[in-house]
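Residues per chain are reported as follows:
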Amino acid sequence: MLSWNGSGRVRMEPADALTAPDPVEEHEDDEYQHVVVRAIPFVPGSRWDDAHWAEFDTRYETTRFPTEYLWGPGTREQARTWLEQERPEGDSVHFTDRVFLVQDHERLLPPMRPAVAAGLPDDERVGVWHAVRADFPDDAFAHVRGSGDRSAGHARRPGDCAACSAEVLGSGSYDEALGAAAAALGPIQAVRPPSVRLPVSTFWPDRP
């Protein structure tokens, strides 16, 4: 469970912690909002640390490892009720060779999962789109940003990039980029999560 309040405090805790009272919230007047996600726990010193968990955004891929939105936002009590009713289970996920879509419209936006891009309304499909295969969203973003400088040597046509750890799948209009992603992944089922982001996600890509 990811939680934040109006003062910008953010927390991650195991969902089963909801069964116990929360001493933090009891001693703060600023009410927290909560979302339930399926994610890799943040364990300092672990090989799988996701240093960007607090940048979670339902629309964009701003965490290092995949983070799946399940429910929220809402109060702690609402989160507890949902978990008791739905009882979601843990899962495993491949985080290498993922496919991202990157939109360039007035500025370069953070990478997006193809399923989320497929659910966008027509008026948000504008600009130039890039379909990129990479292990991490930062890699996909860095490639697209670097490809704007011809002297940097980043691939602009489909194929492996000689300058970074990314593979270009396609670029052009929204339909062209989404089609390139579908060619790599198979049929894409659109998802439309609510627009939720933790406060520090607004720093992308200028992270502290």
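Right above here is the structure, for reference.
Let us look at the structure shown here.

Calculation notes
- Residues numbered from 1 in each chain as written.
- Predicted model: local features only at pLDDT ≥ 70, side-chain atom pairs only at ≥ 80, totals over all residues.
- Heavy atoms only, no water.
- Helix = DSSP H or I, 4+ residues; strand = E, 2+ residues; numbered from the N terminus.
- Rg over C-alpha atoms; globule rule 2.2 N^0.38 Å.
- Salt bridge = Lys/Arg side-chain N within 4 Å of Asp/Glu carboxyl O.
- Buried < 20%, exposed > 50% of the residue type's maximum accessible area, 1.4 Å probe, protein only.
- Contact = heavy atoms within 4.5 Å.
- Polar contact = N/O pair within 3.5 Å; in protein donor to acceptor, adjacent residues only side chain to side chain.
- Lys, Arg positive; Asp, Glu negative; His and termini not counted.
- Core = buried A, V, L, I, M, F, W, Y, C linked by side-chain atoms within 4.5 Å.
- Pairing = 2+ DSSP bridges.

Points about the overall build of the protein
The helix and strand tally for the protein stands at five helices and nine strands. Its helices and strands taken in sequence order, the protein reads β-β-α-β-β-α-β-β-α-β-α-β-β-α from the N to the C terminus. Taking 2.2 N^0.38 as the reference for a compact globule, 208 residues should give roughly 17 Å; the C-alpha atoms of the protein span a radius of gyration of 18 Å, in line with that estimate. Oriented by its inertia axes, the alpha-carbon framework of the protein measures out at about 55 × 35 × 30 Å.

A few points about the pattern of salt bridges
Tallied over the full model, the rule gives eight salt bridges. The salt bridge involving Arg38 is made with Glu68; its shortest N-O contact spans 2.8 Å. Highlighted residues: Arg38 in strand 3 (residues 33-38) and Glu68 in strand 4 (residues 68-74), separated in sequence by 30 residues. For Glu68, a relative accessible area of 39% translates into the label partly exposed. We note a salt bridge from Glu124 to Arg59, for which the minimum N-O separation is 2.8 Å. With Glu124 in the loop between helix 3 (114-118) and strand 7 (128-134) and Arg59 in the loop between strand 3 and strand 4, this residue pair connects regions lying 65 residues apart in the sequence. By relative accessible area, which is 28% here, Arg59 ends up partly exposed. One network of salt bridges, in which partners are shared, links Arg11, Glu13 and Arg76.

Quick look at the environment of Asp57
One can find Asp57 in the loop between strand 3 and strand 4. By relative accessible area, Asp57 is classed as buried at 7%. Asp57 sits 37 residues away from Ala20 along the chain, and the two C-alpha atoms are 27 Å apart. Setting aside residues up to four positions removed in sequence, Asp57 forms contacts with Thr62, Val196, Arg197 and Ser201. A polar side-chain atom of Asp57 sits 3.4 Å from the main-chain amide nitrogen of Tyr60.

Quick word on the side chain of Asp57
There is no salt bridge for the buried Asp57, and the closest opposite charge comes from Arg197, which lies 4.5 Å off by N-O distance. A distance of 2.8 Å separates a polar atom in the side chain of Asp57 from the backbone nitrogen of Arg59.

Examining unusual backbone geometry
Between Gly72 and Pro73 the backbone carries a cis peptide bond, its omega angle lying at 5 degrees. Tracing the chain through its elements places Pro73 in strand 4. Not every positive phi belongs to a glycine, and Arg87 is a case in point at roughly 45 degrees. Among the residues examined, Arg87 registers a relative accessible area of 64% and is labelled exposed. Even without glycine at this site, Glu106 takes up a positive phi of about 70 degrees.

Thoughts on the nonpolar core
Leu101, Met112, Ala117, Trp129, Ala131 and Tyr174 are the most contacted members of the largest nonpolar core, which totals 17 residues. Those elements giving two or more residues to this core turn out to be strand 5 (98-105), helix 3, strand 7 and helix 5 (174-185). A per-element tally of this core places helix 5 first, with five residues.

Regarding the environment of Gly6
Within the fold, Gly6 resides in the loop between strand 1 (2-4) and strand 2 (10-12). Counting along the chain gives 133 residues from Gly6 to Asp139, while the straight-line C-alpha distance between them is 31 Å. In this view, Gly6 contacts Asp30 and Glu31; residues no more than four positions away in its chain are not counted.

Observations concerning the pairing of strand 7
Of all seven residues in strand 7, five are buried; the element is thus mostly enclosed. Of the pairings in the sheet, the one linking strand 5 to strand 7 comprises seven bridges and is antiparallel in character. Its bridge partner lying in strand 7, Val102 is registered against His130. Note that strand 7 and strand 9 (residues 167-172) share five bridges and pair antiparallel. Each residue of the ladder has a partner; that of His130, found in strand 9, is Ser171.

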